[in-house]
Amino acid sequence: MKQIVFISGKGGTGKSTLVSSLSILVKSKLIADCDVDAPNMHILLKGEVLKKADYYGAKEAVIDSELCVKCGICKETCRFDSINDEFEIKPMKCEGCGACVIACPQNAIHLEEVKTGEVYTSKTSRGTFSHALLDIGAEGSGRLVTEVRKNVSTCIKDEEWVLIDGSPGIGCVVIASITGADAVVVVSEPTKSGQSDLERVLGVAKHFGTPAFVCINKYDLNSEVTSQIEDFCEKEGVKVVGKIPFDPDVVKALREFKTPVEAGNEAVTNEIKSIWEKVSESVMNSES
Amino acid sequence: MKIAVLSGKGGTGKTTVSGSLALSVPNCQYLDCDVEEPNGSIFLKPDIKKSSPVNVLVPEVDASKCNQCGKCAEACQFNAIAVVKGKVLIFPQICHHCGACVLACPNGAIKEVERSIGVVESDENETFLQGKLNVSEPISIPILIQLKDRIKGDKNVIIDCPPGASCTVVESIEGCDYCVLVTEPTPFGLHDLKIAVQLVRKMQIPFGIVLNKASQDSTIIHEFCETEGIDLLLEVPFSQEIAENYSKGVLPAESSEQWKDRFKTVYEKIERGAKK
């Protein structure tokens, strides 16, 4: 079983569209959505939730007002400004580090586990699908991503691939999504911002030693930036595995919850097939 | 007045809107809080003159005082310390800089040392500020805190937020007078917009919506705004010209006076909305 993660640096470049298209084209696979604070894959996969579990991915300090003598030591200790003047924990500010617990001379503070989201296993016509939703404004999105990936690995029977939809950015969520994966495919777009974001996210893949491929979506929107991206990739030794043309029909189909594959968009579908051939072959060959 | 621009879904046009506001609003200070992938400078083209590192405190163990008791590893809630075969291992990248290990050590063997995780950069007058997280670093909150510390009270502040709705967005919008939620007329845009709406309502910040890439084919965002009683501040139509300009790093408010005026009107609506 091989895990391929689709990331982009910049948001909105077409990760979920590509992954949900591949979820039709690739035969033996499981699917996971690691964009836990703005997940979108479930909208296209239309699955049925088989299993739902609360996830406790953070802790929060609780002050026992009976024991508290309001000495103020906890407030001085806390580096996250999470204790108010009434010696209550401010919502959404506590990191759950426990420094105040150690510092309190009255033993009036303890940590409690906090629910930070929900993890789902869904049945879809395209295979088992693991996804999650972070509670509004919750801490610990990286841990929830790790939980989604753990969840998907418990579902594996004899599938060859796990297709993972990642999130934008380069921080903890992205790092949690790509750690230990067999390859990342960076979905880019030929804009100045897309280019800058691609370069940074490729740096992350390189740092963690994950083989990377690049695909340029809407490549004909700006041919100059497209060729700059190609030059950069060549210099970095990263293979550009495909260039998908801009087509307003793709967006139109998505509005009706259809991937370009389902909408019968041949040009885009063929390019996606070719991207997958190159990525899958390369990942399989690197094994031997 | 402090205005934050967020979206839930990435790529809907946060930087297009926040950058255009920065070009249209008088006496303005712009903060790029999308420190993982900052893009504001591509469009606003500031003359970056100042750069200061963002340092955090991480533990360092004095081996001569340490007896490998393991209390530090036990205290650390983030698994950033492990005691393996009589040695204390520290993983500085996942450290949350809380100081709990220092408090927990019975031998006074842990001190804290500075470590850089990124930079805050600005032009001479600090009308443009951006944070940049170093590549391969996971935690960006300390950069956001430093960025927001540089806010000038007498300015109109525009904050370009990171995508999503997690702790980094909470940190970015905290203390703002108004939030602009940017969305697009797709089922994904709407789904993530609803998450963003829940967040700003939870934080009790007045807000309105800008619909980007608007199309006559879709009314889902209009319907949502109507049902929920939310102000629709502006519609930016889907246009090849705007998309091509964007790809080159040119904003609508930079390329036309008409768009500048439209964003000025948005600002007036925001002023009224923040007072409600």
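Residues numbered from 1 in each chain as written. Chains lettered and ligands numbered in written order. Predicted model: local features only at pLDDT ≥ 70, side-chain atom pairs only at ≥ 80, totals over all residues.

1. Observations regarding the overall build of chain A
- Each helix and strand in chain A was counted, giving 10 helices and nine strands.
- If you line up chain A on its principal axes, its C-alpha atoms span 70 × 40 × 40 Å.
- Counting all 288 residues of chain A, 56% fall into the buried class. (Helix = DSSP H or I, 4+ residues; strand = E, 2+ residues; numbered from the N terminus. Buried ≥ 20, exposed ≤ 12 C-beta atoms within 10 Å, placed from the backbone.)

2. Thoughts on the environment of B:Thr265
- Relative to the helices and strands, B:Thr265 is located in helix α11 (residues 257–275).
- The spatial distance from the C-alpha of B:Thr265 to the C-alpha of B:Val25 is 9.6 Å, given a sequence separation of 240 residues.

3. Overview of the packing of helix α7 (residues 192–207) of chain A against helix α8 (residues 223–236) of chain A
Residue and element names in this part refer to chain A.
- Interhelical geometry of α7 versus α8 gives an angle of 15° and a closest axis separation of 10 Å. On the basis of their axis angle, the class for α7 and α8 is roughly parallel. Every pair of crossing elements has a handedness; the one defined by α7 and α8 is right-handed. The segment α7 lies against α8, with Lys 192, Gln 195, Leu 198, Glu 199 and Leu 202 engaging Val 225, Gln 228, Ile 229, Phe 232 and Glu 236.
- For the contact of α7 with α8, the residue count by class is five nonpolar, two polar and three charged. (Axes fitted to C-alpha atoms, helices over the stretch in contact; angles between N-to-C directions. Parallel < 35°, antiparallel > 145°, perpendicular 65-115°, else oblique. Left-handed = near helix turned anticlockwise from the far one by under 90°. Contact = placed C-beta atoms within 7 Å. Nonpolar A, V, L, I, M, F, W, Y, C, P; charged D, E, K, R; others polar.)

4. Digging into the domain arrangement of chain B
Residue and element names in this part refer to chain B.
- In terms of domains, chain B is made up of domain 1 (2–49 + 125–275) and domain 2 (56–116).
- Its C-alpha centre places domain 1 at a distance of 39 Å from the equivalent point of domain 2.
- Taken together, the contact between domain 1 and domain 2 spans four residues of the former and five residues of the latter.
- Tallied by class, residues from the side of domain 1 that touches domain 2 come to three nonpolar, no polar and one charged. (Domains from an automatic or database assignment.)

5. Some thoughts on the pairing of strand β4 (residues 109–124) of chain A
All names here are of chain A.
- Taken together, the 14 bridges between strand β3 (residues 48–63) and β4 define a ladder with antiparallel strand orientation. Note on β4: the bridge partner recorded for Lys 52 is Tyr 120.
- Judged from the eight bridges that link them, β4 and strand β5 (residues 127–134) form a sheet pairing that is antiparallel. Note that in β5 the partner of Thr 121 across the bridge is Ser 130.
- A loop of two residues connects β4 with β5, the two strands running antiparallel in sequence. (Pairing = 2+ DSSP bridges.)

6. As for helix α1 (residues 15–25) of chain A
- The buried fraction of α1(A) is high, at nine of 11 residues.
- Within α1(A), burial applies to A:Lys15, A:Ser16, A:Thr17, A:Leu18, A:Val19, A:Ser20, A:Ser21, A:Leu22 and A:Ser23.

7. A look at unusual backbone geometry
Residue and element names in this part refer to chain B.
- The phi torsion at Asn 79 lies on the positive side, around 55°, for a residue other than glycine.
- We classify Asn 79 as exposed; it has 10 C-beta atoms within 10 Å.
- Here His 97, not a glycine, exhibits a phi torsion of approximately 60°, which is positive.
- Mapped onto the elements of the fold, His 97 is located in the loop between β5 (87–90) and α4 (100–104).
- For His 97, a count of 22 C-beta atoms within 10 Å puts it in the buried group.

8. A few points about the packing of helix α1 (residues 14–24) of chain B against α11(B)
All names here are of chain B.
- At a minimum axis separation of 9 Å, α1 and α11 run at an interaxial angle of 90°. Looking at the two axes, α1 sits roughly perpendicular to α11. From α1, Ser 20, Leu 21, Leu 23 and Ser 24 reach across to α11, where they touch Trp 259, Lys 260, Phe 263, Lys 264, Val 266 and Tyr 267.
- Among the residues forming the contact of α1 with α11, the class breakdown is six nonpolar, two polar and two charged.

9. Things to note about the sheet that holds strand β7 (residues 183–188) of chain A
All names here are of chain A.
- Read from one edge of the open sheet, nine strands run β3-β4-β5-β2-β6-β1-β7-β8-β9, paired in mixed fashion. With one partner strand each, in any of the chains shown, β3 and β9 (239–244) form the two edges of the open sheet. For this sheet, the mean inter-axis angle between neighbouring strands, taken without regard to orientation, is 20°.
- The pairing of strand β2 (residues 29–33) with β5 spans two bridges and is classified as parallel. Considered in β5, the bridge of Ala 32 is made with Ser 130.
- In the packing of helix α5 (residues 141–155) onto the sheet, contacts are made with β2, β3, β4, β5 and β6 (161–165), and the angle to β5 comes to roughly 160°.
- Strands β1 (2–7), β7 and β8 (212–217) of the sheet are contacted by α7, whose axis makes an angle of about 170° with β7.

10. Some remarks on the interface of chain B and chain A
- If you look at the interface, chain B gives 49 residues, while chain A gives 52 residues.
- Among the secondary structure elements, those contributing two or more residues to the side of chain B that touches chain A are α4, α6 (167–173), α7 (187–202) and α9 (240–248) of chain B.
- For the side of chain B that touches chain A, the element with the most residues is α7(B), which contributes eight residues.
- For the side of chain B that touches chain A, the per-class residue count stands at 21 nonpolar, 20 polar and eight charged.

11. Quick notes on the sheet that holds strand β2 (residues 28–32) of chain B
All names here are of chain B.
- Pairing is mixed in the open sheet, where nine strands are placed in the order β3-β6-β7-β2-β8-β1-β9-β10-β11. Sheet topology places β3 (50–61) and β11 (231–237) at the edges, where each strand pairs with a single neighbour. Across the sheet, the axes of successive neighbouring strands diverge by a mean angle of 20°, strand direction being ignored.
- Taken together, the 12 bridges between β3 and strand β6 (residues 110–122) define a ladder with antiparallel strand orientation. Opposite Glu 60, over in β6, you have Lys 111 as the bridge partner.
- Each of β2, β3, β6 and β7 (128–133) is contacted by helix α5 (residues 141–149), which is oriented at about 60° to β6, the strand it contacts most.

12. Some words on the domain arrangement of chain A
- The domain boundaries assigned to chain A delineate domain 1 (2–55 + 131–287) and domain 2 (65–107).
- Relative to domain 2 of chain A, the C-alpha centre of domain 1 of chain A lies at a distance of 41 Å.

13. A short note on the pairing of β11(B)
Residue and element names in this part refer to chain B.
- Both strand β10 (residues 207–214) and β11 contribute to a ladder of five bridges, which runs parallel. Following the sheet pairing, Ala 214 is matched in β11 by Pro 237.
- Remark: the β10/helix α8 (residues 220–228)/β11 crossover connection has right-handed handedness. (Right-handed = clockwise from strand over helix to strand, strands pointing away.)

14. Quick word on α9(B)
- Among all positions of α9(B), only B:Ile242, B:Tyr246 and B:Ser247 are buried. Buried residues of α9(B), seen end-on, are gathered within an arc of 140° and therefore sit on one face of the element. Turned more than 90 degrees off the buried face of α9(B), the exposed positions are B:Gln240 and B:Glu241.
- Check the buried side of α9(B) and you find it contacts α7 and α8 of chain A together with α1, β11 and α10 (252–255) of chain B.
- Two residues or fewer past α9(B), B:Gly249 is found with a positive phi of approximately 90°. (Arc of directions from axis to C-beta.)

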